[in-house]
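Descriptive analysis of the structure
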Amino acid sequence: MDLSHRFSKEELALLYEEVLYTIRHRLGKPEQQHVGDSQELYSYVQKAFGMDAEEHSVIMQQVMELESPIYCLKATVKEAKGILGKDVSGLSDPYCLLGIEARSQEPAHPDHKKRMKAVVKDLIPEDQIHRTQVMNQTLSPVWNETFILEFKDVETASFHLDMWDSDVVESMRHKLGELTDLHGLKRIFKDARKDKGQDDFLGNVVVRLKDLHCWNDQWYQLEPRTETYPERGHCHLQFLLTHKKRATTCSRTQPSYTVHRHLLQQLVSHEILQHQAGSTSWDGELSSHASTVLYLHATQKDLSDFHQDMAQWLAYSKLYQSLEFNSSCLLHQITSIEYRWVQERLRPEQKAELAESFQSLLTYGVSLIRRFRIIFPLSVPRSMDRLQSLLRVLVQMCKTKAFHELCTPSPDLPQMVSRALKSGTTEWFHMQKQHLKPMVKSIEENSKALSKLLLEVIEDLKQCQKIWNKLFITNLKLNIFSIAYLELESLVAEHVQEQLHKVDSSMSRPTAESLFDLYRKLQELYQMKESLPNRDGPLALSNFHQWFEEALPLWLQKAYTTTLERAQRAIQMDQLKPYGYHKHSTSTVDLSTCYAQIMTTWQQLNWPDPEKAFMIMVNLLEDMCKISLMYCKLIKERAEALSLSEQNEGEAANKLCIVVNNIEQLRLLMLKLPVQLDWAQLEQRMRGIIDPQQIQNALHNQLDSTVACLDHEVRDVVQALATKLEKGIARHIQELSSSSDTQKPEDSIIPLMKFLESELQYLNEHLVQENFKSLLTLLWQHTLSVLSAARGPQVPSVQHCQRLFCALKSLELCFHAEGCGLPLETLHSAAFQTLETHLALCSAPSRKLIQKYFSKRIQQQLDTSSEKYGAVTIKALYRPSEQKLRVEVLNATNLIPLDSNAHPGAPARVPRGGGPEHAVQEERAAPPLRRSLRLPDPLREVPAGGGLSAADRV
């Protein structure tokens, strides 16, 4: 890209002449960071100006024919320190004489040392000598006086400065009045010997011009003429090598800073293009060649720092509006202008030019901000930094005194940027709308295009909120998210309503589906309003849900149909095998996913109208309940079909286990619905709108009814599994009952326990815990009934009862499984306790039965709390060999009076029994017995070989 068209061909040639003239007549030693070879500079500017060899030669020849400029040394005598005190007071009245010696001697010349010690007035013509003011009575004078000294040849010229103590004729009385010490007295005698009014030499500085840089600022040591006082202090001098009467057309016809700005503009544009050619962004750093040329031109033209900054600002601000580079380069210039700003230093045309640059950059910068989405895309690296730099430059520029003084009335930057952002947001929206406009104008395509447009809008707002907002708030106190949201929300509402008016009530299913996606995008956009700092009045999207009421039934029907089809397909594909580490199969997982999608649909709808939202929830719950009951029916049919095809009883049981686990998993899933669908929050919204009883009937009762049906289905399948085991349990108990009396009870129950261990372990591995415990409960009830039936109607033998009792206790431990099975509360039912008591009595030995009987009777006595009719103590002994019962009445107490004399007189009577079942009988005045009953151990008086039969025990 060639930027020479920004200047006309004649202007470019004149500017090229200026830069060649500058290089040809360069002065001073090159700085360390600058280019010293002039040929390199010629080659660089030839490329920068786009000149071919012939054009370069022609203009170079013209430059060589031009008259050389007048070379000048701009010398500033700033101050001195540590100089000699020549007056009686110990101070001096210093002043300086300075000038240029045209022919300086080389150090090897024999007269060099002599000429270095010669004073200025002996070396330089009087009309070329310059003099500073006299600083009275000081050893640290400050002058800050500048002199322009002309010379012809930098190679031979040298700068000379002499410092003198001004000697004014004073009376002896005045001098004696200033006398402070003996040293001052010596000065009085010395002054008396010299001529009246003769000044004292304080030191000199001699500098060869060819040893100077273009600009020097340093302290120089004052040299003596004699060795009397070698330490004479230092003098601070500043030198600048400049031109006067430059012969170029630009220098003769244009202000220096204007020419410098044009040169700067040309070189900077070349630098930028060089970086772009290398696929890099220019960071504001000039090359050493460009820096050297600009430095030479500024010093030769004696441009002040302020005018250089102004020239750079004018050039950079103009280039920024046409070339791509970092705007932070402008920050240094505007800061420098503010630091050095003095309005009176500018001519009217310069003020107008500077004001125009401010207005131009402000207008251009605001236009970039208006289109920041395109100019500073986040996909391009450092876009954020570039925009932040631009904002900082504009803010800093509008804060400067120069801007406020030259641009009246001063514009309000935040207000300008706010208007620009609004208009830019509108432009961007219409551009996106046009870009996403569908080729085929159908309702479905329009809905899809609207969804894509909303996606772009939402993404843009997220970027504004998370990324751009920080920049604009920090620099301008502007919330770009708020500005963009309010603008886009209104545009979106208008555009969507316009498109939805074209949709009739008899919409197709694809149309309804595309509208659902559009609804979700609008909902997401509307919810972003929560991030607005403040809102006044309703938004245009406040009631957007009403635009989709006609499509709502189709959305719900779509959710039901999709879930039903997926559930049916999942059952058809289910092989009723455990899914991974779980005990249910894949169809339950698929159904759970379908239900999760329905819940997601409910959350996505988030219908604002409470009454309508309640009806939506009722419909969704009805659909899920219907699908659950359908699933139970189909999964059982699937299990039957697979069992018939495999003809394997074990696999059939396995399939039933999976079925019951699936139904249980579905039941648990349904129980979680109130929490997952947040019924509590819905009921709170319904408060005061719908009667709580209606909510209970429509939601909770319906769910409870479905869960009850699922419980019934689980029980049915568990019952089917239990039925398969009940036959085996009954068979093994029957075998146990009919086993030989000689076999130990522990050995006789081994087959039953092995059978249960095998079957229950299998079922525990394949059933979930809840279903396994339900199965155990059924099996336990059945087992108790089988054991009760095994007692038989006849009186069993002791060994038979012992086998059954051993089986009962072993089964109790098996079903309890150390707390992992049924709890003891469930095991110890009324039937179990009755059976346990009966079998314990029937299987116990005689001694234990008697002990138990008497222990019970004793406990009855202990528990007796009243003696209404008194008490009698007896002793009874039964002799089986004689079949006689011997009863001995020991005593009686607290008998009630029955005779007229108030004493009891009835004798005790002991009836005779006719059978062994009346082994021990007593008749007493008052049942029950008291503690006064004291019985010996009856077993001691039972003869050998005697005892009670099994019938007597019972």
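Residues numbered from 1 in each chain as written. Predicted model: local features only at pLDDT ≥ 70, side-chain atom pairs only at ≥ 80, totals over all residues. Heavy atoms only, no water.

**Looking at the overall build of the chain**
- If you tally the helices and strands in the chain, you get 35 helices and ten strands.
- By sequence separation, contacts in the chain at least 24 residues apart represent 78% of the contacts at least 6 residues apart.
- Carbon and sulfur atoms make up 50% of the accessible area of the chain, which amounts to about 49,800 Å² in all. (Helix = DSSP H or I, 4+ residues; strand = E, 2+ residues; numbered from the N terminus. Contact = heavy atoms within 4.5 Å. Areas by Shrake-Rupley, 256 points an atom, 1.4 Å probe, with all protein chains shown as cover.)

**Here's the deal with the side chain of Q702**
- Mapped onto the fold, Q702 is located in helix 27 (residues 692-737).
- Once residues within four sequence positions are removed from consideration, Q702 is found in contact with V618, L621, E622, C625 and N697.

**Some words on the confidence of the model for the chain**
- Summarising the model, the chain shows a mean pLDDT of 83, and 87% of its residues fall at 70 or more.
- Of the regions scoring below 50 in pLDDT, residues 1-5 engages in seven contacts with residues more than four places distant in sequence or in other chains.
- Within the model, pLDDT remains below 50 along residues 913-954, and this stretch shows 57 contacts once partners closer than five positions in the same chain are excluded. (pLDDT = per-residue confidence, 0-100.)

**Some details on the pairing of strand 10 (residues 884-893)**
- In the sheet, strand 9 (residues 871-879) pairs with strand 10 via nine bridges, with the strands oriented antiparallel. Considered in strand 10, the bridge of R879 is made with K884.
- Here strand 9 hands over to strand 10 after four residues, with Q883 in that stretch at a positive phi of 50°. (Pairing = 2+ DSSP bridges.)

**Re the sheet that holds strand 3 (residues 130-131)**
- The strand order across the open sheet formed by four strands is 3-2-5-6, and the pairing between neighbours is antiparallel. Whereas interior strands pair on both sides, the edge strands pair on one side only; in this sheet they are strand 3 and strand 6 (200-208).

**Digging into the sheet that holds strand 4 (residues 142-151)**
- The strand order across the open sheet formed by four strands is 4-1-8-7, and the pairing between neighbours is antiparallel. The two strands at the open ends of the sheet, each matched to only one other strand, are strand 4 and strand 7 (215-221). Neighbour to neighbour, the strand axes of the sheet diverge by 20° on average, direction disregarded.
- Summarising the sheet, strand 7 and strand 8 (residues 234-244) pair through seven bridges and their orientation is antiparallel. Across the sheet, Y220 pairs through a bridge with C235, a residue of strand 8.
- This element, helix 10 (residues 288-300), spans strand 7 and strand 8 of the sheet and lies at about 95° to strand 8. (Axes fitted to C-alpha atoms, helices over the stretch in contact; angles between N-to-C directions.)

**Considerations on helix 21 (residues 552-573)**
- The end-to-end C-alpha distance of helix 21, which contains 22 residues, comes to 32 Å, matching closely the 32 Å that a straight helix rising 1.5 Å per residue would cover.
- Within helix 21, the full set of buried residues consists of L552, W555, L556, A559, Y560, T561, T563, L564, A567, A570 and I571. (Expected span 1.5 Å × (residues − 1). Buried < 20%, exposed > 50% of the residue type's maximum accessible area, 1.4 Å probe, protein only.)

**Describing the packing of helix 2 (residues 38-48) against helix 10**
- Put simply, helix 2 and helix 10 touch, their axes get as near as 10 Å, and they point 100° apart. Comparing the axis directions of helix 2 and helix 10 gives the class roughly perpendicular. Side by side, helix 2 and helix 10 meet where E40, L41, Y44 and V45 of the first sit next to H289, A290, T292, V293 and L296 of the second.
- When the residues that make up the contact of helix 2 with helix 10 are grouped by side-chain class, the tally is six nonpolar, two polar and one charged. (Parallel < 35°, antiparallel > 145°, perpendicular 65-115°, else oblique. Nonpolar A, V, L, I, M, F, W, Y, C, P; charged D, E, K, R; others polar.)

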